Amino acid sequence: MRTFNHSGMLPHPARPSTYVDKFLWRKIFDHNPFFATACDKLASKAYALSTCPELRSAKVLWSGRNAREIPAELLAGDVVVKANHGCRWNIMIRNGRVDKAKLTRRTSRWMRRRYGRKFGEWGYKGAERKVFVEEMLLEDGQPIRLEYKFHVSNGTTAYVYAARRDEHGNEQKCHFDRDGIYAPPPDGSGKQWVLIDLPASFVRMRAIAETLTAIFDHMRCDFYEKNGDIFFSEFSVYPLSGKGIINTRLRDLCGENWDLRQSWFLTTPQRGWRRLYAAALRRWLETLPGKPA
């Protein structure tokens with residue numbers, strides 16, 4: 001019911017064929033242990049930088065379980081305080097302007113909660129509960145505004161989502177196919193959908209995204225670009241909690257390219273009823289159009 005209310009699509013989790021179905025299936029069945037690393041911001045940084053040494057990432061200045069222990073000098077400049085085990089649990093601090101009491105209350109709530117429980121985002125369960133302070137990436141004295149999100153299925157980019165904040169803080173959005181060709185949104189999508197220029201490093205960025213996500217059947221990999229350097233941001237195991245994207249052509253393409261036979265659940269021996277279900281699902285997947293016999 002939550003998936004239906006969230007996506008507006010009637011799900012079929014036992015025989016997943018659409019983009020939305022596959023994310024629901026992932027939540028229920030595909031408990032890949034490495035999803036915990038992907039959902040853990042600090043662990044995913046370490047994995048990304050060790051796998052692709054040419055990458056950069058915003059420096060982690062402190063990590064711990066109690067924000068009261070953050071050294072005062074770290075909060076005196078431009079930094080971001082984040083929860084290691086959640087999504088969008090961030091506090092931006094500019095020029096040392098921070099309400100420390102509010103910071104403590106908010107981070108304490110983060111530490112008490114397990115992100116993702118409501119929508120079944122299982123991978124966050126394994127992320128270590130921590131708070132950390134990260135340098136703020138600046139461009140022309142302002143927080144870097146443009147982020148590139150690569151949706152990669154079975155080692156090949158399905159589409160790219162670019163998002164930036166304008167000078168008023170409003171988000172502007174854009175979609176591209178794997179080759180960087182602009183994918184216009186459907187009519188009536190809103191003024192926030194605009195054409196955003198891709199950087200000269202796009203092809204290199206795409207190659208890194210496909211390298212980092214090669215161990216997964218599907219993953220979103222996010223980057224920033226600054227002065228030609230590529231900065232790893234994060235992975236997203238459940239982007240938008242599996243809600244279908246506005247560009248249905250790209251959503252369908254992503255769903256078609258995502259081969260569940262490469263998932264952890266179907267490549268790892270299962271036990272009991274899961275073994276029987278896995279065998280039945282493999283047989284069904286082999287019958288789908290476009291799948292090799």
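The text that follows walks through the structure, step by step, so that each part is easy to find. (Residues numbered from 1 in each chain as written. Predicted model: local features only at pLDDT ≥ 70, side-chain atom pairs only at ≥ 80, totals over all residues. Heavy atoms only, no water.)

What follows covers the sheet that holds strand β9 (residues 156-165). Taken together, six strands build an open sheet; the order of strands is β1-β12-β11-β8-β9-β10 and the sheet is mixed. With partners counted over all chains shown, the strands left at the sheet margins are β1 (56-57) and β10 (171-177), one partner each. Note that strand β11 (residues 218-226) and strand β12 (residues 229-236) share seven bridges and pair antiparallel. Its bridge partner being in β12, Cys 221 is matched across the sheet by Phe 235. Its contacts with the sheet put helix α7 (residues 248-257) on β8 (146-153), β9, β10 and β11, and the angle it makes with β9 is roughly 140°. (Pairing = 2+ DSSP bridges. Helix = DSSP H or I, 4+ residues; strand = E, 2+ residues; numbered from the N terminus. Contact = heavy atoms within 4.5 Å. Axes fitted to C-alpha atoms, helices over the stretch in contact; angles between N-to-C directions.)

All right, on to the sheet that holds strand β2 (residues 60-64) then. Pairing within the open sheet is antiparallel, and its four strands lie in the order β2-β5-β3-β4. Among the strands making up the open sheet, the edge pair consists of β2 and β4 (90-93). Mean inter-strand twist for the sheet, computed between neighbouring axes without regard to direction, equals 15°. As paired elements, strand β3 (residues 79-83) and strand β5 (residues 131-135) share five bridges and run antiparallel to each other. If you follow Val 80 over to β5, its bridge partner there is Glu 134.

Across the five residues of β3, five count as buried, placing the element largely inside the fold. Side chains Val 79, Val 81 and Ala 83 of β3 all project onto a buried face; the interleaved residues Val 80 and Lys 82 project onto the opposite face, where all are buried too. By the bridge criterion, four bridges tie β3 to β4 in an arrangement that is antiparallel. Residue pairing across strands places Val 80 opposite Met 92, the latter belonging to β4. Between β3 and β4, which follow one another and run antiparallel, lie six residues, and Arg 88 among them has a positive phi close to 65°. (Buried < 20%, exposed > 50% of the residue type's maximum accessible area, 1.4 Å probe, protein only.)

A few words now on the side chain of Lys 22. Within the secondary structure, Lys 22 is located in helix α2 (residues 19-28). Nearest to the buried, unbridged Lys 22 among oppositely charged side chains is Asp 259, at 6.8 Å. Non-local contacts of Lys 22, meaning those with residues more than four positions away in its chain, are made with Pro 16, Ser 17, Gly 255, Trp 258 and Leu 260. (Lys, Arg positive; Asp, Glu negative; His and termini not counted. Salt bridge = Lys/Arg side-chain N within 4 Å of Asp/Glu carboxyl O.)

For the rest of this paragraph, the subject is helix α9 (residues 272-286). Side chains three or four residues apart in an α-helix point the same way, a direct result of the helix having 3.6 residues per turn. Helix length check: α9, at 15 residues, gives a terminal C-alpha distance of 22 Å against a target of 21 Å (1.5 Å per residue), a fit within 8%. On its buried face, α9 sits against α2 and α8 (264-267). (Expected span 1.5 Å × (residues − 1).)

On to the packing of aromatic side chains. Between two aromatic rings, the relevant description is the distance of the centres plus the angle of the planes. Here the structure, examined in full by the defined rule, presents 23 aromatic pairs. Relative to Phe 265, the ring of Trp 25 has its centre 5.6 Å away and its plane inclined at 90°; by these criteria the two rings are edge-to-face. Residue Trp 25 is found in helix α2, and its partner Phe 265 is found in helix α8; the two are separated by 240 residues along the sequence. The class for Phe 265 is buried, based on a relative accessible area of 0%. For the ring pair Tyr 124 and Tyr 238, a centre distance of 6.5 Å and an interplane angle of 35° mean the geometry is tilted. Of this pair, Tyr 124 sits in the loop between α5 (100-112) and β5 while Tyr 238 sits in the loop between β12 and α7; the two residues are 114 residues apart in sequence, bridging distant segments of the chain. By the burial criterion, Tyr 124 is buried, and Tyr 238 matches it. (Phe/Tyr/Trp six-rings, centres within 6.5 Å; stacked < 30°, edge-to-face > 60°.)

Right, let's get into the environment of Ser 7. Relative to the helices and strands, Ser 7 resides in helix α1 (residues 2-7). Taking the C-alpha atoms as reference points, Ser 7 and Gly 242, separated by 235 residues in sequence, lie 8.0 Å from one another. Non-local contacts of Ser 7, meaning those with residues more than four positions away in its chain, are made with Val 20, Lys 243 and Gly 244.

The subject of this paragraph is the pattern of salt bridges. Applying the stated criterion across every chain, the model contains 15 salt bridges. Asp 229 is the salt-bridge partner of Arg 56, the closest N and O atoms lying 3.0 Å from each other. Here Arg 56, found in strand β1, pairs with Asp 229, found in strand β12; they are 173 residues apart in sequence, far enough to count as distant. Accessibility expressed as a relative area gives 40% for Arg 56, which makes it partly exposed. Residues Glu 234 and Arg 220 are paired through a salt bridge, measuring 4.0 Å at the closest nitrogen-oxygen approach.

Right, let's get into unusual backbone geometry. Of note in the backbone geometry, Asn 154 takes a positive phi value of approximately 50° without being a glycine. With respect to the element layout, Asn 154 can be found in the loop between β8 and β9. Judged by relative accessible area, Asn 154 falls into the partly exposed class, the value being 27%.

Take the nonpolar core next. Among the nonpolar cores identified, the biggest contains 48 residues, and Leu 55, Val 81, Phe 150, Leu 212, Phe 223, Phe 232 and Phe 235 are the most heavily contacted of them. Residue contributions to this core peak at five residues, all from helix α6 (residues 202-212). Setting aside anything within four residues of it in sequence, one finds Phe 232 in contact with Ser 44, Lys 45, Ala 48, Leu 55, Arg 56, Ser 57, Leu 212, Cys 221, Asp 222 and Phe 223. Listed in part, the 23 residues of the second largest apolar core include Trp 193, Leu 250, Cys 254 and Tyr 277. (Core = buried A, V, L, I, M, F, W, Y, C linked by side-chain atoms within 4.5 Å.)

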